[in-house]
Structures are given as C-alpha cells and as structure tokens.
Amino acid sequence: MVGRAEPLRQRLASGIAVLALLAALVAAAFVALFTAAAQIEPRLLWEDVHLRRVVAFSFWQASLSTLLSVGLALPVARALSRRHEFPGREWLLKLLGLPLVVPTIVAVFGIVAVYGQSGLLNRVAGALGLPVGQYLYGLTGILIAHVFFNLPLAVRLLLPAWQSIPGETWRLAAQLGMESGHIVKHIEWPLLRQVVPQVSGLVFMLCFTSFAVVLTLGGGPAATTIEVAIYQALRYEFDLGQAGLLALLQLLFCALIVALIQLVGRTPHVEPLTGVRQLRPDLGGRGARAADYALVALAALSTLLPIIAVVMAGLTGPVLSVLGEWQTWRSLLLSLGIALCSASLAVAAAAAILVASRELRVNRYRDRSAEAMELGGSLILVVPPLVLGTGLFILLRPVVDVLAWAPVVVIGVNALMGMPYVIRLLGPPMTRITQRHDRLCASLGLGGWARFRIIEWPLLRAPIGLSLALCAALSTGDLGVIALFGSQQTTTLPLLLYQRLAAYRMDEAAVTALVLLLLCLALFVVIERSVAGRARA
C-alpha cells in the first residue's frame, strides 16, 4: 500500500489541477465581465426599451420553440413506440440523431433552401398556382429552425418513457378493455409528466442560448436575443460595458433555468417484470396505423429535407470555383485543426478528472467527493460559450491581439464545452473497469502505462473514439466564439459560410455548406472507426 500511495496522489493531483485551471479560467472571465459591466449603471441599461424587448423576445421565442418542439415530439414518439414493425424504424431513429451532429449554420442554410422565398416549398406552391410569401426571416424562421433541431432530440429523450412500461401493464390493459384515451390517462400520462418537464427544460435552455439560428434568421432588431445583442455590442458597437452587462444577465438567466430544470426534473423508475414484450391493446385498425405512419413520415421528412437541400444545392453550385479558392481551403484546414486540438484537449482533461474521481470512489469510498469532482467538470454547461468568450475577449484585449489569438481561444472554449459529454461517455466504463480489474492489476503489479495498454485501452477504445468524434464534430460546426474572435486571417468554415450567407452569395454558400457538412460527418466517422476499431462490435 505504501508503494501505491504516491501514484494515487499523482492521479488525484492531475484531476484537481484540471479543475483548478478550469475554475481559474472561468473566474477570470467573470472578473472581466464584472469589471466591464461596472462602467454602466445597471438601472439605466434596464430602462432601455430595446433591452427590455430583447429579454422579452429571448424568453418568448424559447417558450414557443419549446412548446412546438415538445408538443410535436409527443405524438411522434408515441407513434414510434406503438409501431415496432415500422419499416426502417432503426434507421429512422439514427436519422433523428442527425441534427445533433450537423453544424447549425449548415442546417440553417438547408432551412433557407427549403422554406426561403426561392426555396423548395415556395417553388412547389408557385407551380401549383398557390400564393408565394416571404415568411422565413424573423420569429417564424427561428421557430422552424428550433423545431428542426429539437424535435428529434425530444423524441429520442421521450421514447425511453414508453419503453420502460412493463409488458404486464399492456397485458392488464388489454384484459380490462382499455381504449386509447384511457391508456393515455391512466398509463402514459402519469409516466410522461415526470419526464416532460425535464425534457422541456432542456429544450428551453437550448433555444434560449441559441446564437447561430437567431443571428442568421432573426432578420432585424425586432427578433434579437440576448446572445445576439452581446455579439452586436462587441463586434459592431464595441461597447465593452454593455457587452459585459448583457453577458452577466444571460449567465444569471441560464443559472436560474438550470436550477429550475433540476428542481422539477424527476427520473421515473419502472422495472419490467419480464423480458417479454407485450403488444399494446390500442393499436387499432388501418386508420390508426396510417395516422401513426403519417406522423413518423412527416417527422422524418422535416428532418431530412434540409439536409437533402444542402446536398443538392451544393452539388449544383459552383463547386470548382469555390474549391479553387485558397480562402476555402484555409478555412477548412483551420476548422480541422481546431476540431482535432479541442477534441483531444477535451478528452485529456475529462480523463484526468475521471481518473481522480474513480480513485476517490473505488479506493477511498468517497462517493460524494467523486461526484462533486465530476460535477465540477460539467458545470461549464451553465456558462454559455458566447458568455465565456465575451469574458475572455474583454480579459485578453489589453494584453494581446485577441483577433490573432482567435484559434487558441476557440480551441480552449470548445474543449471546455466538450468536457461534460466526455465525462458522461467515459465515466461509467472507467468505473466498471476499476471495479472488475483493480485487484487483479494490484496483485500482478500492473500499473501505469502497462495497465492502460493491456487492460484499459481495449475496453475504453469505443467510448474514447465516440468522445473524440463527437467533440470534433461539435467543434467543427461551432459559430459562437469564432464569431467574436474571427478575422480575415482566422476564418473557419462556419464563419465563412455565415459571411457568404450575409452577403447573399447563395451559390458560393451552398458549396461551402456542403463542404462543411462533409467535413463534419467525415471527421465523426473516421475518428470513431479509427480509434474504436474492433471495439465497436
């Protein structure tokens, strides 16, 4: 035990050092925000009619987006749970995960290509002699984009609620002759009301902190959220005091929203009595089956159409011209480098925290300390990336050329934002490995690099590969922080796409969107398969 004490202290020290660095970085950003905000009298800013309108619109659009996303996801998830025989059901569930990895700005371009003034739907309406309108930009466009992103997420989060209902419950419902309305009232809703508030809170948080969607589809001052107002205060007005105060206001609202989610969220616990799946008694005849199939098909179509539109518009655009520009390749290489660096940094930092928390949980039986350490690595979720970027912008501006240091800052912020996902993906398998193999490794004197190479790496390849792939994909499509720090020399593909969209160079934007989409998907697939290897099976 004496020989083991020093390595144990070293493993704890690495995790504590990462948390200390994270806390120092966030604290420094907060100090910069408070210092800048102190230049403005908060009362005078709150009396600003424009600010009150921005705050009200932020809550209004997030509320409507949540209502539409979760409200539409409920019948779609119910239809999927009722129809296990739906053709291609497994592929459909994978399709519903596509908006999670597609870059936001790419999806926005696809939405414009489908719902815009010269989009697919208006062209079809014109061909049929129906009136053609411009309805995309403003609140309508924001709602369409948020439903595109969050309806599939809500469906995937709601489905386990139905899957947790025991087969014996359905058999009893059939014996009692319960119809669809009775099933909803007595079986489904008591379970859903435990899940819906937490899912709704998560969707609300995502919509409230949405930046790229509102920036591109807002259409003007009437549809501006707090985060877009922060961006405008920094990049257009260069009002550091207003930007700092807005960032603190956004942080306060996000903290309150997260606290409310934790307060109302409850995880249902229903254990099936047997492994036999029972058919629901309310499957009905052809009419009910057709209605369920129509709901699922509409959800799949609304998810797939913007992606198809991106591919078609990109392939029919000036491919050779865009690919022949050095600016495209420079942006692609910069996006690739940022993605790989931020993903590697996120996995390394999260692994250090998990190694320390694992030692506390398994060897010293300090579960609360271990949970606190992992929670500390995930608390960055409370801080929106744009708020953290604003603090770093204000902090670094007197010291360095912040525009020249843009890649470094973006790598750091993206790594911080990826850490919570890595902790959730790597934490459980690392704990299981220690519980099962720790004593054997101790008896064999197996430790350090040898233990990792022989015991841990074969078992952790799959989650490490997935973590790297997910972080790289998310970083590739990020527009938030680079929008603050980006310049002509530090333009990533998402920023280049936004610039071309803002300049109405739609043909070039179409090809850029396709390149960004392919880069994001290729990174995800190649990294996961190359790192996971045979462990994927």
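Please read these numbers as outputs of a predicted model, since none were measured by experiment. Here, residues in each chain are numbered from 1, in the same order as that chain's written sequence. Only residues with pLDDT of at least 70 get local features here, since the model is predicted, and only at 80 or more are side-chain atom pairs given and counted; chain-wide, interface and lining totals rely on the full set of residues. The basis for every side-chain value is the complete set of non-hydrogen atoms in the structure, without hydrogens or water.

Colleague: What exactly am I supposed to notice about the packing of aromatic side chains here?
Modeller: In this description, an aromatic ring pair is defined by two values, namely the gap between the centres and the angle between the planes. For this analysis, a ring pair means two rings from Phe, Tyr or Trp (six-membered ring only for Trp) whose centres lie within 6.5 Å, classed as stacked if their planes differ by under 30 degrees, edge-to-face if by over 60, and tilted for the remaining angles. Evaluation of the coordinates by the stated rule reveals 10 aromatic pairs. Pairing Phe59 with Phe208 gives two aromatic rings, centres 4.8 Å apart and planes at 50°, and the pair type is tilted. Of this pair, Phe59 sits in helix 3 (residues 49-82) while Phe208 sits in helix 10 (residues 180-208); the two residues are 149 residues apart in sequence, bridging distant segments of the chain. Burial status follows relative accessibility: with a 1.4 Å probe on protein chains alone, a residue under 20% of its type maximum counts as buried, one over 50% as exposed, and anything between as partly exposed. A relative accessible area of 29% means that Phe59 is categorised as partly exposed. Consider the rings of Phe211 and Tyr231, whose centres lie 5.6 Å apart with planes at 70°: the pair is edge-to-face. Within this pair, whereas Phe211 is found in the loop between helix 10 and helix 11 (212-217), its partner Tyr231 is found in helix 12 (residues 226-235), the two being separated by 20 residues in sequence. Taken together, the ring pairs in this structure connect Phe59, Phe204, Phe208 and Phe253 into an aromatic cluster. Strands are runs of DSSP state E lasting at least 2 residues, helices are runs of H or I lasting at least 4, and numbering of each runs from the N terminus.

Colleague: Whenever I open this one, the confidence of the model for the chain confuses me. Can you help?
Modeller: In regions of low pLDDT, the predicted coordinates are not meant to be interpreted in detail. Residues of the chain with pLDDT of at least 70 account for 82%, and the chain-wide mean is 80. When pLDDT is averaged over each element of the chain, helix 15 (residues 319-323) comes out on top at 91 and helix 2 (residues 42-46) at the bottom at 64. Confidence scores here are pLDDT values: one per residue, from the predictor, ranging 0 to 100. The contact criterion used throughout is that any non-hydrogen atoms of two residues lie within 4.5 Å. Confidence drops under pLDDT 50 across residues 267-276; counting only partners more than four residues distant or on other chains, this segment forms 14 contacts.

Colleague: Would you explain the side chain of Thr216 in this entry?
Modeller: By secondary structure assignment, the location of Thr216 is in helix 11. For Thr216, a relative accessible area of 15% gives the class buried. Once residues lying within four places of it in the same chain are set aside, the contact partners of Thr216 are Ile105, Val108, Tyr137 and Tyr498.

Colleague: Can you walk me through the nonpolar core in this structure?
Modeller: Looking at soluble globular proteins, one finds that nonpolar side chains tend to be buried together. Core analysis: the biggest nonpolar cluster contains 166 residues, and Leu80, Val106, Val155, Leu158, Leu388 and Phe485 have the highest contact counts within it. Ignoring anything within four residues of it in the chain, the contact list for Phe485 reads Arg235, Gly389, Leu392, Phe393, Val402, Leu403, Ala406, Val409 and Thr490. Among buried residues, the Ala, Val, Leu, Ile, Met, Phe, Trp, Tyr and Cys ones that are joined through side-chain atoms within 4.5 Å form a nonpolar core.

Colleague: Before we go on, may I ask you to explain the packing of helix 6 (residues 104-115) against helix 7 (residues 120-127) in this structure?
Modeller: A pair of packed helices can be characterised by two numbers: the angle between their axes and the separation between those axes. Contact geometry for helix 6 and helix 7: axes closest at 3 Å, N-to-C directions at 5°. It follows that helix 6 is roughly parallel to helix 7 by the angle criterion. Across from Ala113, Val114 and Tyr115 in helix 6, the residues of helix 7 making contact are Leu120, Leu121 and Asn122. The residue classification treats Ala, Val, Leu, Ile, Met, Phe, Trp, Tyr, Cys and Pro as nonpolar and Asp, Glu, Lys and Arg as charged. All others, Gly included, are polar. For the contact of helix 6 with helix 7, the per-class residue count stands at 5 nonpolar, 1 polar and no charged. In this analysis an axis means a line fitted to C-alpha atoms, helices contributing only their contacting stretch, and an angle means the value between N-to-C directions, from 0 to 180 degrees. When describing relative orientation, an angle under 35 degrees is termed roughly parallel and one over 145 degrees roughly antiparallel, while 65 to 115 degrees is termed roughly perpendicular and anything else oblique.

Colleague: Any chance you could explain the pattern of salt bridges here in plain terms?
Modeller: Close approach of charged atoms allows side chains of opposite charge to pair. Basic side-chain nitrogens of Lys or Arg form a salt bridge, by our definition, when they fall within 4 Å of a carboxyl oxygen of Asp or Glu. Tallied over the full model, the rule gives 3 salt bridges. Taking the shortest distance from any N to any O, the salt bridge between Arg500 and Glu325 comes out at 2.7 Å. Placement of the pair is Arg500 in helix 22 (residues 493-502) and Glu325 in the loop between helix 15 and helix 16 (326-363), with a sequence separation of 175 residues. Of the charged contacts in the structure, one is a salt bridge between Glu508 and Arg500, with a shortest N-O distance of 3.6 Å. One continuous salt-bridge network, built from bridges that share partners, spans Glu325, Arg500, Arg505 and Glu508.

Colleague: Any chance you could explain the environment of Leu484 here in plain terms?
Modeller: Tracing the chain through its elements places Leu484 in helix 21 (residues 480-485). If we skip the residues at most four places from it in the chain, Leu484 touches Tyr231, Leu234, Arg235, Leu386, Gly389, Thr390, Phe393 and Leu403.

Colleague: Can you help me understand helix 12 in this one?
Modeller: Structurally, the α-helix is built with 3.6 residues per turn, so residues lying three or four positions apart point the same way. With 8 of its 10 residues buried, helix 12 lies for the most part within the structure. If you check which residues of helix 12 are buried, you get Ile226, Glu227, Val228, Ala229, Ile230, Tyr231, Ala233 and Leu234.

Colleague: Any chance you could explain a nonpolar patch on the surface here in plain terms?
Modeller: Taken together, the side chains of Leu120, Val124, Leu128 and Leu130 define a hydrophobic patch exposed on the protein surface, amounting to about 360 Å² of accessible area. Residue placement: Val124 occurs in helix 7. Using a relative accessible area of 41% as the deciding quantity, one classes Val124 as partly exposed. Residues qualify for a patch when their relative accessible area is over 30% and they have no salt bridge, like charges being joined within 9 Å and the nonpolar side chains of Val, Leu, Ile, Met, Phe, Trp and Tyr within 5 Å. Every accessible area reported is derived by Shrake-Rupley at a probe size of 1.4 Å, with residue values counting cover from the shown protein chains alone.

Colleague: What is the right way to read unusual backbone geometry from this model?
Modeller: Leaving glycine out, the prevailing phi sign among residues is negative, and the prevailing peptide bond configuration is trans. Of note in the backbone geometry, Phe238 takes a positive phi value of approximately 50° without being a glycine. With respect to the element layout, Phe238 can be found in the loop between helix 12 and helix 13 (240-264). Of the residues examined, Phe238 reaches a relative accessible area of 38% and is grouped as partly exposed. Residue Tyr504 is not a glycine yet carries a positive backbone phi of 60°. Within the fold, Tyr504 resides in the loop between helix 22 and helix 23 (506-532).

Colleague: Could you clarify how one ought to interpret empty space enclosed by the protein in this entry?
Modeller: Picture a little ball the size of a water molecule; that probe, rolled over the atoms, points out where space is still empty. Using protein atoms alone on a 1 Å grid, points that fit a 1.4 Å probe yet trap it form a cavity, whereas open point sets bounded by protein on both sides within 12 Å along at least five of seven lines form a pocket; residues with an atom within 4 Å of a point count as lining. Grid points are joined across faces, edges and corners, and a volume is the space filled by probe spheres set on the points. Inspection of every chain in the model, using the stated rule, returns 1 cavity of 30 Å³ or more. Size it by volume and the largest cavity reaches roughly 50 Å³. Along the walls of the largest cavity sit Ser335, Ile338, Val410, Asn414, Ser475, Thr476, Asp478, Ile482, Thr492 and Pro494, which together make up its complete lining. Among the residues forming the lining of the largest cavity, the class breakdown is 4 nonpolar, 5 polar and 1 charged.

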